[in-house]
Amino acid sequence: MLHKFGGWLALIYLSSFVVHHVELRNIRREPESDARPQCGYTSCHPTKPNMLNVHLIAHTHDDVGWLKTVDQYYYGSETRIQKAGVQYIIDSVVESLLRDPEKRFIYVESAFFFKWWKEQTKEQQDKVKMLVNEGRLEFIGGAWSMNDEATTHYQSVIDQFAWGLRLLNDTFGECGRPRIGWQIDPFGHSREMASIFAQMGFDGMFFGRLDYQDKDERLMTQKAEMIWHGSENLDDKADLFTGALYNNYQAPDGFCFDILCADQPIIDGKHSPDNNVKERIDAFFEFVTKMAKGYRTPNLLITMGEDFHYQNADMWYKNLDKLIKYANERQANGSNINLLYSTPSCYLKSLHDAGISWPTKSDDFFPYASDPHAYWTGYFTSRPTLKRFERDGNHFLQVCKQLSALAPKRSAEFDPHLNFLRETMGIMQHHDAVTGTEKQKVALDYAKRMSVALRACSTNIRSVLNQLSIASDRNSQEPSKFEFKTCTLLNISSCATSELNKRFALTLYNPLAHSVNEYVRVPVKDYNYVVIDPTGKVLPVQAVPVPKAVSNMKHRNSSAQYELVFLASSLPPVGYKTYYIEKSETIPAIGKPSPSPKKTSSYTVIGNNNIQLTFDTNGFLAEVTADGMTRMISQEFLYYEAATGNNAEFLNRSSGAYIFRPDNNQIRFATDEVTIEVYKGQLVQEVHQKFNDWISQVVRVYKQSNHAEFEWLVGPIPIKDNIGKEVISRFKSDIKSDGIFFTDSNGREMLKRKRNHRETWNVKIHESVAGNYYPVTTKIALEDTTARMAILTDRAQGGSSLEDGVLELMVHRRLLHDDAFGVGEALNETEYGEGLIARGKHHLFVGQSLQRPDVSLKAIERLVQLETLLPSWKFFSNVSYSSDQWLTSFTNTYHGISVVLPKFVNLLSLEPWHENELLVRFEHILEKKDDVRYSQYVQFNIKDVLSAFNVENIRETTLDGNAWLDEHRRMEFVPDPEDEAYNNYGTFTKSSKVVHLLSASKPMLEVKYSKETLEAGQLGAESNRIKRSANSRHFTLHRKPQQEVSAENLKISMQSSEREKYLIELSPMEIRTFVVYLAK
Ligand SMILES: [Zn+2]
């Protein structure tokens, strides 16, 4: 039966090959030696049956910046801060591995590895390749950094994996491809991350940190290892085998043999008075015996390493050798404990081979508490401006990728510039970067790296935009006529080009695959300007004064007093429009903007036909009218006073960079009266609110908008009273949410939250505020049977619903004490000698919770979420032309894709990949439940969409873009019978033979093997990796079996498959990734 099945497989593959005849370029080489690689599952040391097999995992955890900067860690400088030098670690480990083929090591962070790799001689590189091919050095995780899971956006997570795995693939081929996720240090774990790992083809993931109560319960009930359902929409292709490590990622107490540790080595001198072999082995056996009670199989994974360990690898290995030797010697006397050098993939293989079933999980691992008073929910908000800058970085990276791909001519620097930004964004995803849990100096280093990388990519963009826009200017030979400058201070209404010039051009580049209408704001000196669109039409404009809190800001070096507002309509997909803006010498129709007369006795209303906001006489929001109903909705700023203590015991925990711990859960109002100014014009209506000396806000509704914008400005947070403060924006409604609210998972699927409750275990919450906080990467919402309220954020923040109908988001925090989790500094950000000021936006949606006649509010929110993540990027250029000259000389409208994709399809990636290749990802942005009409399959033709490119071929890959999806195999694990309510495992049944591979109702893209059909050993090194092999196989869509192909049929089949190949379907929340081959 088994063999037969294998035979069928071969036949199917063969026939597919005959049909397609595809040359597949540029996906990795085979190893250069003749020897067949023995990496991955085939390189595992054997375990012993009927014994407790202890898999010793030699590893180092190398933070891509934390107490020291990335480079300080790599080179090992600043030893007084931390004795840590990654270059020495890799040097030392490689030497040890070369000496002894028995030894194993795993390496995780590609950011460090490739820095090291580039410094090696060819000879050394070849030795390392040999280690990788023999499975002695194994890459695991493999992303640029070990990303955080609470504050990162999925687009950036996917990007940084794609890049890390790409370099591993380019360098090592199939043996360099990690199969295991290794998230040992991030502070809680998101369900989306599990889904991403699964879609990248990983077989499993191990992590270190989960709530202490959850962990106790899981160990007690042997549920520390499980099948995690990563998605409510994607069925089993988002399932991931996941294991919680026993001891975080440290060695057992007393067995830390690193140069950084103080534990005793194993002393085995026969006559040494210090001989401790018996005592050490006894202690180790005691540890593993206890640990074994928490796990289901006779296999244990024990991490032997820690932060920056193995700078002197021999110290570790010498002692591990002895540990293994003396422990296993006892087997002669009846011991059933067997120690071995192993890797997490070998451990996973042992679990798989055990042939047992596993518990399942569908919620996530947030929030993480390490003790009753340490909820790691502060870092959801820590360093709000760095968190926003990171989001800008993602935005610019997408723009830079697209334009680099669209470039008519590319100079040699294009790739290095783009890669620099890719890698910098990879660093930013690290669990001590975007999280805000690094030292201040390190945060500044991250910001500096970002700004240099953004500048590098700007030069690509300037070149491309000039090429595209001056193509029609026959008189011009200038290669870079226009500046296409980015104004980085638009968030304080400052931009030299628009302020200082009487005329300038504004190019709006739209990175989305649908056309967009967008209200644009430009800082200007005066209020009378004319805006001309690419067709020569003069657009309606409105000038709104820059809010006083902004214009009064110290160190704001700007003469802009107004923001010029206009509606840029129908911005072309993956393209741009350039607008010509000129100061008008004649008085325009609009006069100088002035505030509406002050009213003290009546309410203030702003809005449009879709949504109206009413403010009470004290200046607070009081009501929102939308979707034909009026709801009481107020908004205010409050702050928690931070708990302080010496951290000597749990009860004395301070609020800090990681931990949110309000003092006695007390909350204070920022003010009880708000002074307001109201500006109403034909494009936007605004209420400028001042809450106190350090909190202000602009609430605005644009003419055609379906939601309200709250642009908050907080800081410097006062600390003269020596009290740290954590500031929230709170929206109170009369919606009866009954303890339930929803938060997003890394910007994708929404997760249901219930106050004082965890979905899969009984929680006792000792911090009623902090323990109910969840990460909000993009959205928080609540609803009842009639109404719904949702808020979109512009960066990651912590949020909660502590009362029914109420949502709060923490926007800023300034603390005076450290929380004793290592960073060793208070989170007290300053700028120009004062507390840091942060500014950002919340987008408020209110409306009917049920399906509305046309489209649901949820679907609209998804669309706005996308449009606020990736709005058009503004490029400013000084121009010397008259408007007429400008209109006739340049290409002022450009679109890079020809077919506008359906609005709910996102072009998640469009980037240059290998030579003459693009990497593209399409994504359905709705969940199944979001909308009755639009949460459906959509179908489109890739070739039509990418008609700007000369597409020769495409091939679908796993989510990371580095493995062919049709060659993709994943280990399969069987859920416990009682958990089989969710049963999507029956991809095919025992009785059917071939058809089950090809007869799936949906395009059969992922071949899943149930246990009966493949021997465990076959799921090994030879599967699942991209191979460059002459007879590489078929393309993606197979809807019908093709078992026998005659010459006649072959021709027909080729024609239809040629068409079908480019036709793709997306189901709700589905992402599909393709390598697109371009004609040379
Ligand atoms: Zn770490």
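Note that the structure is predicted; figures quoted are calculated from it, not measured. (Residues numbered from 1 in each chain as written. Predicted model: local features only at pLDDT ≥ 70, side-chain atom pairs only at ≥ 80, totals over all residues. Heavy atoms only, no water.)

Draft legend 1. Molecular detail of the overall build of the protein chain. Looking only at helices and strands, the protein chain has 21 helices and 49 strands in total. Buried residues in the protein chain amount to 65% of all 1080 residues. Considering only residue pairs separated by 6 or more positions, the protein chain has 77% of its internal contacts joining residues 24 or more positions apart. Element-wise, carbon and sulfur atoms account for 50% of the exposed surface of the protein chain, whose accessible area totals about 39400 Å². (Helix = DSSP H or I, 4+ residues; strand = E, 2+ residues; numbered from the N terminus. Buried < 20%, exposed > 50% of the residue type's maximum accessible area, 1.4 Å probe, protein only. Contact = heavy atoms within 4.5 Å. Areas by Shrake-Rupley, 256 points an atom, 1.4 Å probe, with all protein chains shown as cover.)

Draft legend 2. Region of the structure containing the state of the cysteines. According to the stated counting rule, one finds five disulfides in the structure shown. Note that Cys39 is cross-linked by a disulfide to Cys175, the S-S spacing being 2.1 Å. Here the disulfide of Cys39 and Cys175 is left-handed, its torsion about the S-S bond being about -75 degrees. Of this pair, Cys39 sits in the loop between α1 (2-20) and β1 (52-58) while Cys175 sits in the loop between α6 (154-172) and β4 (180-183); the two residues are 136 residues apart in sequence, bridging distant segments of the chain. For Cys175, a relative accessible area of 6% gives the class buried. Bridging Cys400 to Cys457, the disulfide has an S-S length of 2.1 Å. For the disulfide bridge between Cys400 and Cys457, the dihedral angle about the S-S bond is near -85 degrees, and by the sign convention the bridge is left-handed. Of this pair, Cys400 sits in helix α12 (residues 384-406) while Cys457 sits in helix α14 (residues 440-469), and the two are 57 residues apart along the sequence. Described in terms of the sequence order of its bonded cysteines, the disulfide pattern of the protein chain is 1-3, 2-6, 4-5, 7-8, 9-10. (Disulfide = S-S within 2.5 Å.)

Draft legend 3. Structural context of α12. For α12, built from 23 residues, the straight-helix expectation of 33 Å at 1.5 Å per residue is met to within 8% by its first-to-last C-alpha distance of 33 Å. Extensive coverage of α12 is indicated by the burial of 19 of its 23 residues. (Expected span 1.5 Å × (residues − 1).)

Draft legend 4. Local environment of the pairing of strand β40 (residues 838-848). A large share of β40 lies buried, amounting to nine of its 11 residues. By the bridge criterion, seven bridges tie strand β35 (residues 787-793) to β40 in an arrangement that is antiparallel. Opposite Ala790, over in β40, you have Phe845 as the bridge partner. (Pairing = 2+ DSSP bridges.)

All quantities given are derived from atomic positions and should not be read as evidence of function.
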